[in-house]
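Notes for the structure review
Here is how the chains run, residue by residue.
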Amino acid sequence: MVGPGPGTTESESGDVIATCGSALRFLARACADRDAEPVLLYVEGSAGLGKSHLLRELAGLPGTPDVARMWWRCGADGGQPEEDGFWREPTLLLVDDVHRAGEDELRRLRRLLAGLEPGSAAAVTYRPEELPVPGLPLGGSAMTYPDRLTVLGHRLAPWDEEHVRRTAAEALGESAFTAEAVEALRERTGGVPRAVVDLLAMLREQRPAFTGTAAEVAAAGVPVRPAELALSRTYALSSAHRPLVWAAAVLDGPAARDELIAVSGLGAVPGGGALLRALESAALTELGEGRYGFAVPLVASAVRTTVPGPVRQDLHRRAAAVLSRRQPVAWAAVGEHLRAAGEYRRWLRAVEKAAESAAASGRHQEAITLLERTLATPGISPQDRARLAPLLARNAVTGLRSDQTVEVLAQIVQDAALPPAVRGELRLDLGLMLCNQMGRYTEGWQVLQIAAAELREVRSVLAARAMAALVTPYWPGASLDVHRGWLIKAVAAADDSGDEAMRTAVLANHVGLAMSWADPEAWDLVRRLPVRSTDPACARQAARGLCNAADSAVWLGFYGRVDGLLAEGRKLAMRTGAPYTEHSASGTRLLQEWWTGQWLGLAKRCEDFIADTADMPFLASDAYVVRGLLGVAQGDWAEARSWLSQRGTFGTENLPVPLGATAAGAVIRLTLARQEVPAAAEQARAAWAVVAEKGVWPWAAELAPWAVEALARAGDTDTAHAMVRDFARGLGEGDAPAARAALVWSRAVLAESEALAQGRPSGLLTAAESYRQASAAYAELPRPYSRALTTEGAGRCVLAADTAGESGAGESGAGESGAGESGAGLAGGDTAASTVPVPDHAATASAIAELESCAQHFTDLGAVWDATRARALLRTRQPAKKGRPPGRPSHSDQLSPREAEVAQLASSGLTNREIAATLHLSPRTVEQHIAGAMRKTGALSRRDLAHRLRRTP
């Protein structure tokens, strides 16, 4: 079979034949049966609709292997077959572009077609717009067809939007085009296949790479083939008729007869004649009843560029007048014509009307785009700028999200005519927004550095503000020492300015920096904040300093001080009008509630906060992470991953470092639970590198235990040891209780790993003691969830040592089942019974009691997954007895305890494999328990099972 021609796609190949329907069935039947009546198929289609491609497809018509294929290419020397004996065997004649044939060639073709024999067929293609006599493809007189000949016709049509979408997906990928871009592609090409394919080729090769937007489609230019065809047809017209086509190119869209004539300037009678000639020559086509234009709309720009400048300006001036009479008036289009006509004052008035009209109907982005483009035009007077700039600002405030506002500011700061002080201030605002609201830290950091340099000589107060922003340590990248360097500069600049509010702003950021790394002087700095200042600007900065302190206190583990700092900071923020500070305080509150075990209703509080800050999702990053942490503990793993990744609202690589480390720790934990150990180790290395680069080691607290476990389970104990050493060295003597507890926890994980790897139950008892120390430290903070996790670790190690001692060379209870929790997936290893120190009965009983206690704590918190895992570990030490004692319920119509556990995890969204890992079961056993639970509850699916479990008292 003949494959797709150059520049065609597979979908084009399959769909072209499908469009001909019954006509092709006749062709196939005629060619498949030597006695079948012959068939003649006329294929009509304008330039670029795929006639030649259809013939190539017909050449490969299936089911006709014994039929000869003969090509007749009209108008080409040597492109026609000989007539003598042509039909002696079944033949499929493929005649291409019959509109190009001369009189002699047409006479020969008519004779040949009239002699079609049974078992043969012919397909003839032509452009209707180029036939000498409309509707008669074979010449000026109607052909006399033999009675035995079946004559059919088929008209090719432009592609619809769905066909264009499929072709675009094949050319550039399924996700390469937005719906708006597909619509633009269909509109600009008119759906003409050749134009679609050629424009896609241009987009595929463009640099920078195509990103799938409608704007890129609009700016892609005009493919060579449709441009050359349009120009050849335009300039085939006489100079008296050509202005009518130029008018269509300037109007650039379907236009009425009178509009085209008015813009052309030809007058009614000459203009009417010019339109008829343009239609006869196919320079223009009728696009709808009484509306005319180009079959491929994008060629208008190619024609327009060939019009002499003075003539083109006159055409634009008349086009503006014509469009001003349409209702409603498209003022943006009118303005573009006036600008092209050189009518600049009238252009700016039209732009103003267009922006006002767009804003009144809620199309703020349209107004902003128009105003930005207008204000960027050189030569606009200061008076005009003063009139249009406020209109731009009002639209930006009313209709833009933060990301769009950033783009507006980025445009404005590029104006070289701005005074340095104004440009520096705008750049400062841009940098603050990039960092604080968008999370685009790398870009924001660079902008702030430029702003600090610009403002140093002209406005020391704002220079200090820019430097103070560079003191903030939360963002990835710059090290702690770099921030300390900016602090020195910011303090000096603030002192030079003599502005007390700016001194307070620098102090507020100094508080955040000092507390982040547990500077012993940090709390003294907090006490220096002028919280009782009567200056609103000073009080506003003091509120920010208090909220910075509260946020740092949460990360350090000073939970008892957080409430007071937040209460005072939020009160000041509300009194002085600082909504951003209020929102940041709300995020800190959610973190505090997570770590201190205030989980009741916490998920809803997170989701409500996210909804309230939908226009600036970066403000809700704390809420996203807390919601994800809850999902992990509750066993809702699919949702947990989505929340931890900020649900795609912005890149998680730009999260503040402590929050990013916390999210990474949870993701590593999930990956380990799924037994994807190599992936977890890679995640651990990447996340640790971010914290190490920053050098603020208290922020490693929520990452370290899980990162150490991932590397230990992957066999990379050297790196795991290095992590623990760096963590301890980085903390030094700093007062960071949460990080110190995490350090002990990390050491316990490493000790458990090495004990299991080396087969040393004594090492397991040492690890158990470290877990207990970590648990005690978390109890003091208090952090109930971390306390329960480390208590579980202690009990697990004791039971593993006891099991190893009993078996001598057996596997521990938590062993190869791989529960995926800290240490739980580390068990396994042979131990000689004669050298194993076995925990005494009291120690084992104490461990069991610890596990029972932490399972209850997990349940009280709502940590379904953790509670189930702890009970599963306990069950390895309390196996069910064989048989059923008298009076014991058979659970024939009730869920057994195991079925209830499995059903609860299944309803949370865990897969059978994940449930099996948690409960130390095989996936097959899990499947049986789920089937039993569904049978007993009458559930029809896992989702239905979740609903029925919620209704069960």
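The model shown is predicted, which means the values in this text are computed figures rather than measured ones.

Quick look at the confidence of the model for the protein
Of all residues in the protein, 84% attain a pLDDT of 70 or more, and the chain-wide mean is 84. When pLDDT is averaged over each element of the protein, helix 10 (residues 242-251) comes out on top at 97 and helix 1 (residues 10-18) at the bottom at 42. Low pLDDT (under 50) marks residues 809-836, which in the prediction has 86 contacts with non-local residues, meaning those over four places away or in another chain. Low pLDDT (under 50) marks residues 880-891, which in the prediction has six contacts with non-local residues, meaning those over four places away or in another chain.

Points about the environment of G253
You can see G253 is positioned in the loop between helix 10 and strand 6 (255-256). What makes G253 partly exposed here is its relative accessible area of 28%. The spacing of G253 and F294 is 41 residues in sequence and 7.9 Å in space, taken between C-alpha atoms. Excluding its chain neighbours within four sequence positions, the residues that come into contact with G253 are A248 and Y292.

Considering a positive patch on the surface
There is a patch of like positive charges on the surface, built from R345, R346, R349 and K353. For R349, the position within the fold is in helix 16 (residues 344-360). A relative accessible area of 42% means that R349 is categorised as partly exposed.

What to know about the packing of aromatic side chains
Under the defined criterion, the tally for this structure stands at 18 aromatic pairs. Aromatic pair W594 and W599: ring centres 4.6 Å apart, planes at 5°, arrangement stacked. Centroid distance W637 to W865: 4.7 Å. Interplanar angle 85°. Geometry classified as edge-to-face. Placement of the pair is W637 in helix 31 (residues 637-644) and W865 in helix 40 (residues 864-875), with a sequence separation of 228 residues. Note on accessibility: W637 and W865 belong to one class, buried. Each member of the aromatic cluster is reached from another via a ring pair, and the members are W594, W599, Y785 and F858. The ring of W486 is capped by K489, whose NZ or CZ atom sits 4.4 Å from the centre of that ring. Between R869 and the ring centre of W865, over which it is positioned, the NZ or CZ distance is 5.1 Å.

Focus: the sheet that holds strand 8 (residues 291-293)
The sheet built from three strands is open, its strands ordered 6-8-7 with antiparallel pairing. Lying at the two open borders of the sheet, with one neighbouring strand each, are strand 6 and strand 7 (285-288). One ladder, built from two bridges, connects strand 6 with strand 8; its direction is antiparallel. If you follow A255 over to strand 8, its bridge partner there is Y292.

The rules behind these values
- Residues numbered from 1 in each chain as written.
- Predicted model: local features only at pLDDT ≥ 70, side-chain atom pairs only at ≥ 80, totals over all residues.
- Heavy atoms only, no water.
- pLDDT = per-residue confidence, 0-100.
- Helix = DSSP H or I, 4+ residues; strand = E, 2+ residues; numbered from the N terminus.
- Contact = heavy atoms within 4.5 Å.
- Buried < 20%, exposed > 50% of the residue type's maximum accessible area, 1.4 Å probe, protein only.
- Patch = residues over 30% accessible without salt bridge, like charges linked within 9 Å, V, L, I, M, F, W, Y side chains within 5 Å.
- Areas by Shrake-Rupley, 256 points an atom, 1.4 Å probe, with all protein chains shown as cover.
- Salt bridge = Lys/Arg side-chain N within 4 Å of Asp/Glu carboxyl O.
- Lys, Arg positive; Asp, Glu negative; His and termini not counted.
- Charge placed at Lys NZ, Arg CZ, Asp CG, Glu CD.
- Phe/Tyr/Trp six-rings, centres within 6.5 Å; stacked < 30°, edge-to-face > 60°.
- Lys NZ or Arg CZ within 6 Å of the ring centre and 35° of its normal.
- Pairing = 2+ DSSP bridges.

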